Amino acid sequence: MTSMKLPSFRAPDWVGGVLRGLLIGLLAVAIFGPLLNMLIWTVTEAWYFPAKLPVRWGFAYWSKVFKPEAGAMVALWTSLVIAVLTVFLSLAVAIPAGYALSKRDLPMRSLFLLFFLLPQAFPTVAVHMNIARIFYELGLTGTITGVMLVHAIQGLVFAVWIASASFAAVGTEQVEAARNLGASPLRAFMTVSLPLAAPGLMASAIFVFLISLDEFSGTFFVGVPEVRTLPLTMLNAAIEGNYQIASITALLLLVPSVLFMLFVERFLKADVLSGVGK
Amino acid sequence: MRSPSRLFHSVALMAPALVMVGLLFVYPLVYSLAFAFRNEQTGGWDLGNFAKAFSLYSGDIALTAGVTVLSTVLVGVFAIAVAGYITLGENPRAVSLLRWIYRWPLFIPFVVAAQLMRTFLAKNGMLNNALMSLGVVDPMHAISLLDWRGVVITFVWKQLPFAALLISGAMASMDRSMIESARGLGAGRFRILLEIVVPQVRSSIFVALILSFVTMLSALSVPMMIIAGSSTMITVDMAWRVNSYGDYGVANALGFVSFAMSGVAAWFYLRQGIREGGKPS
């Protein structure tokens with residue numbers, strides 16, 4: 001590395017300033033351009049090539065999306081039910097697992113942490129289609145339960161890792177104090193560790209909720225034909241060439257994600273965040 | 001407490017989660033790997049599925065490898081640039097602006113990103129409209145980017161914040177004294193980034209890029225929505241084999257190929273880890 005000679009010259013300061021502004025502006029256009037284009041499509045009634053902007057604006061397609069026969073509201077409801085169930089299932093298994101993993105002296109701890117990472121470390125499509133094949137024999141394809149199980153496995157690594165980091169950040173002094181006052185291990189866990197770890201667990205719940213809301217390929221294979229979530233509805237609208245319906249559904253999916261991004265730091269304190277996966 | 005009973009208690013607490021990963025991930029994964037070699041007609045085991053997969057989809061396999069590798073490289077270059085500026089930038093306002101801008105696509109789902117790009121990159125999309133208004137292209141020559149290029153653009157757009165977040169986190173926690181002394185010796189920022197900062201956060205860069213690589217390799221919705229033509233990525237081919245022909249053999253053979261691609265990436269990562277583990281730091 002050190003043998004490489006890079007040209008070192010000093011340009012006048014204003015050149016750097018202009019260049020910096022240009023690059024940041026370009027990045028802003030690249031990031032917000034597609035978002036803006038989608039927002040315009042949600043309030044477009046007619047837009048023909050080569051017009052640069054819609055020729056007729058309005059909310060006509062919103063009422064179409066929210067009409068019962070469009071299926072979008074059913075899909076939204078299905079997505080929400082599955083996401084809530086997925087959160088409960090994931091937390092029910094992740095809280096005990098995360099608590100066990102929060103003890104740094106657990107033998108083979110890093111091996112267990114890696115095991116939970118497996119579902120994120122392999123390309124998922126081939127796994128999902130085989131889950132669908134196995135579920136078909138069990139009568140789980142096309143059911144909410146089947147889709148929930150596939151979503152839970154995708155979210156589990158985050159649930160377990162964040163839960164482990166949250167319990168690790170609680171520390172041992174207060175738990176030991178409760179134990180010294182005669183509390184049973186379960187009581188100490190329920191009254192001390194769990195409430196103190198609650199903000200981190202809340203963050204992992206939101207994370208799992210979003211993963212479930214956005215999950216595509218598992219639902220695509222396991223949910224067919226009965227379970228239609230919002231992402232599948234969006235794909236259909238897009239493939240049929242209905243840009244307005246697709247954009248409005250995309251916006252519905254986008255809002256929770258962006259809200260989470262803006263508020264994630266409230267839930268995930270830095271001490272928990274730095275302990276994730278450690 | 002003695003260690004064996006501790007381990008027993010802990011494993012009991014982890015049991016539901018371990019069983020879940022075992023049944024819902026490891027079992028289907030092994031099933032997929034095994035059934036790639038299954039000849040459904042004869043009931044025997046052979047390489048027939050692979051022969052068929054390669055004769056039908058060798059172009060798509062090459063396209064998948066090319067698109068994911070190119071996207072990973074671009075994500076790496078841009079993420080290092082963004083993280084580097086956040087770490088070394090001297091203008092606090094520009095740094096905080098950049099920090100605010102780059103994170104937006106982080107939590108945007110792949111399927112939504114694909115939809116955004118479908119409208120943005122189309123022939124009548126905003127990109128072409130903007131370029132026409134600027135006079136860069138004329139309406140006759142407006143081209144649709146909805147092919148492999150669109151997939152690369154979508155992947156980079158979506159994965160850049162993730163990689164930049166991990167890499168800038170690693171850069172923020174490194175020892176700044178070397179940067180300051182290099183600065184004192186008059187080294188430019190570009191040189192400091194490439195010769196001092198990047199080598200120190202190399203392992204974080206590898207982790208970010210390998211996770212991105214696997215994520216992009218698994219994306220089904222993006223090629224499904226972006227690519228209009230006939231040659232596409234193997235995830236779409238897998239879905240097509242299963243849904244249209246019930247042909248799990250060829251689909252699993254393609255799945256095996258995608259596992260092999262991520263295996264190559266993991267091998268690079270482990271080799272890097274061993275090299276760094278063997279070097280006194």
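Residues numbered from 1 in each chain as written. Chains lettered and ligands numbered in written order. Predicted model: local features only at pLDDT ≥ 70, side-chain atom pairs only at ≥ 80, totals over all residues. Heavy atoms only, no water.

1. What to know about the overall build of chain B
Inference 1: From N to C terminus, chain B includes 12 helices and 0 strands.
Inference 2: In chain B, the succession of α and β elements from N to C terminus is α-α-α-α-α-α-α-α-α-α-α-α.
Inference 3: Dimensions of chain B along its principal axes, counting C-alpha atoms only, are 75 × 75 × 30 Å.
Inference 4: When burial is assessed residue by residue, chain B has 51% of its 281 residues classed as buried.
Inference 5: Contacts in chain B between residues far apart in sequence, at least 24 positions, make up 70% of those at least 6 positions apart.
Inference 6: Summed over its atoms, the accessible surface of chain B is roughly 12800 Å², and 68% of this surface lies on carbon and sulfur atoms.
Inference 7: If the 20 positive side-chain charges of chain B are averaged to one point and the 12 negative ones to another, these points end up 8 Å apart. (Helix = DSSP H or I, 4+ residues; strand = E, 2+ residues; numbered from the N terminus. Buried < 20%, exposed > 50% of the residue type's maximum accessible area, 1.4 Å probe, protein only. Contact = heavy atoms within 4.5 Å. Areas by Shrake-Rupley, 256 points an atom, 1.4 Å probe, with all protein chains shown as cover. Lys, Arg positive; Asp, Glu negative; His and termini not counted. Charge placed at Lys NZ, Arg CZ, Asp CG, Glu CD.)

2. Comments concerning the interface of chain B and chain A
Inference 1: Chain B puts 78 residues into the contact, and the matching count from chain A is 79 residues.
Inference 2: Overall, the association of chain B and chain A removes approximately 7600 Å² of surface from exposure, summing both partners, and the carbon and sulfur fraction of that is 77%.
Inference 3: Residue E40 of chain B is joined to R133 of chain A by a salt bridge in which the shortest nitrogen-to-oxygen separation is 3.4 Å.
Inference 4: Joining chain B to chain A, the criterion identifies 6 residue pairs in polar contact (both at pLDDT 80 or more).
Inference 5: Sorting elements by how many residues they give to the side of chain B that touches chain A places helix α1 (residues 3-35) of chain B first, with 22 residues.
Inference 6: Here the side of chain B that touches chain A is composed, by residue class, of 52 nonpolar, 19 polar and 7 charged. (Buried area = accessible area lost by both parts, 1.4 Å probe. Salt bridge = Lys/Arg side-chain N within 4 Å of Asp/Glu carboxyl O. Polar contact = N/O pair within 3.5 Å; in protein donor to acceptor, adjacent residues only side chain to side chain. Nonpolar A, V, L, I, M, F, W, Y, C, P; charged D, E, K, R; others polar.)

3. A look at a nonpolar patch on the surface
Inference 1: Together, V255, L259, L262 and F263 of chain A together with W100 of chain B line one region of the surface with nonpolar side chains, adding up to about 460 Å² of accessible area.
Inference 2: The greatest single-element share of the nonpolar patch, amounting to 4 residues, is contributed by helix α11 (residues 243-267) of chain A.
Inference 3: Note that F263 of chain A resides in helix α11. (Patch = residues over 30% accessible without salt bridge, like charges linked within 9 Å, V, L, I, M, F, W, Y side chains within 5 Å.)

4. Remarks on unusual backbone geometry
Residue and element names in this part refer to chain A.
Inference 1: Geometrically, the link from V224 to P225 is a cis peptide bond, its omega value of -5° lying close to zero.
Inference 2: As for its placement among the helices and strands, P225 is situated in the loop between α9 (217-222) and α10 (230-239).
Inference 3: In this structure, M108 is a non-glycine residue whose phi angle is positive, near 60°.
Inference 4: Mapped onto the fold, M108 is located in the loop between α3 (72-101) and α4 (109-121).

5. A look at the environment of F115 of chain A
Inference 1: Here F115 of chain A lies in helix α4.
Inference 2: For the pair F115 of chain A and V157 of chain A, spaced 42 residues apart in the sequence, the C-alpha separation amounts to 8.9 Å.

6. Topic: the confidence of the model for chain A
Inference 1: Of the residues in chain A, 90% reach a pLDDT of 70 or more, and the chain-wide mean stands at 84.
Inference 2: Helix α5 (residues 124-138) of chain A holds the highest mean pLDDT among the elements of chain A, 93, whereas helix α12 (residues 270-273) of chain A holds the lowest, 62. (pLDDT = per-residue confidence, 0-100.)

7. What to know about the nonpolar core
Inference 1: Judged by nonpolar contacts, the single largest core of 177 residues is most densely connected at F116 and F221 of chain A together with M14, V112, F155 and L220 of chain B.
Inference 2: In terms of residues, this core owes the most to one element, helix α6 (residues 144-170) of chain A, which gives 15 residues.
Inference 3: Those residues within four positions of V112 of chain B in sequence are excluded, and the remaining contacts are M234, A250, L253 and L254 of chain A. (Core = buried A, V, L, I, M, F, W, Y, C linked by side-chain atoms within 4.5 Å.)

8. Looking at the packing of aromatic side chains
Inference 1: Tallied over the entire structure, the rule returns 21 aromatic pairs over all chains.
Inference 2: Summarising the aromatic geometry, the rings of F32 of chain A and W104 of chain B are spaced 5.5 Å apart at their centres and angled 70° between planes, so their arrangement reads as edge-to-face. With F32 of chain A in helix α1 (residues 13-42) and W104 of chain B in the loop between α3 (92-102) and α4 (110-120), the pair connects residues from two separate chains.
Inference 3: Residue W104 of chain B is classed as buried on the basis of its relative accessible area of 15%.
Inference 4: Among the aromatic residues, those joined into a ring-pair cluster are Y27, Y31, F35 and W45 of chain B.
Inference 5: Lying over the aromatic face of Y99 of chain A, K103 of chain A brings its terminal NZ or CZ to 4.1 Å of the ring centre.
Inference 6: For the cation-ring pair, R133 of chain A lies above Y248 of chain B, with the distance from its terminal atom to the ring centre recorded as 4.2 Å. (Phe/Tyr/Trp six-rings, centres within 6.5 Å; stacked < 30°, edge-to-face > 60°. Lys NZ or Arg CZ within 6 Å of the ring centre and 35° of its normal.)

9. Considerations on the confidence of the model for chain B
Residue and element names in this part refer to chain B.
Inference 1: On average, chain B scores 87 in pLDDT, and the residues at 70 or more come to 95%.
Inference 2: Per-element averaging of pLDDT across chain B places helix α5 (residues 126-133) at the bottom with 81 and helix α2 (residues 48-88) at the top with 94.
Inference 3: Here the complex is predicted with pTM 0.87, and the ipTM for its interfaces comes to 0.84.

10. A closer look at the packing of α10 of chain A against α4 of chain B
Inference 1: Where α10 of chain A contacts α4 of chain B, the axes come no closer than 10 Å and their chain directions differ by 20°. On the basis of their axis angle, the class for α10 of chain A and α4 of chain B is roughly parallel. Along this stretch, α10 of chain A crosses α4 of chain B, giving a crossing that reads as left-handed. Contacts between α10 of chain A and α4 of chain B involve P231, M234, A238 and I239 of chain A from the former and V111, V112, Q115 and R118 of chain B from the latter.
Inference 2: Of the residues assigned to the contact of α10 of chain A with α4 of chain B, the class counts are 6 nonpolar, 1 polar and 1 charged. (Axes fitted to C-alpha atoms, helices over the stretch in contact; angles between N-to-C directions. Parallel < 35°, antiparallel > 145°, perpendicular 65-115°, else oblique. Left-handed = near helix turned anticlockwise from the far one by under 90°.)

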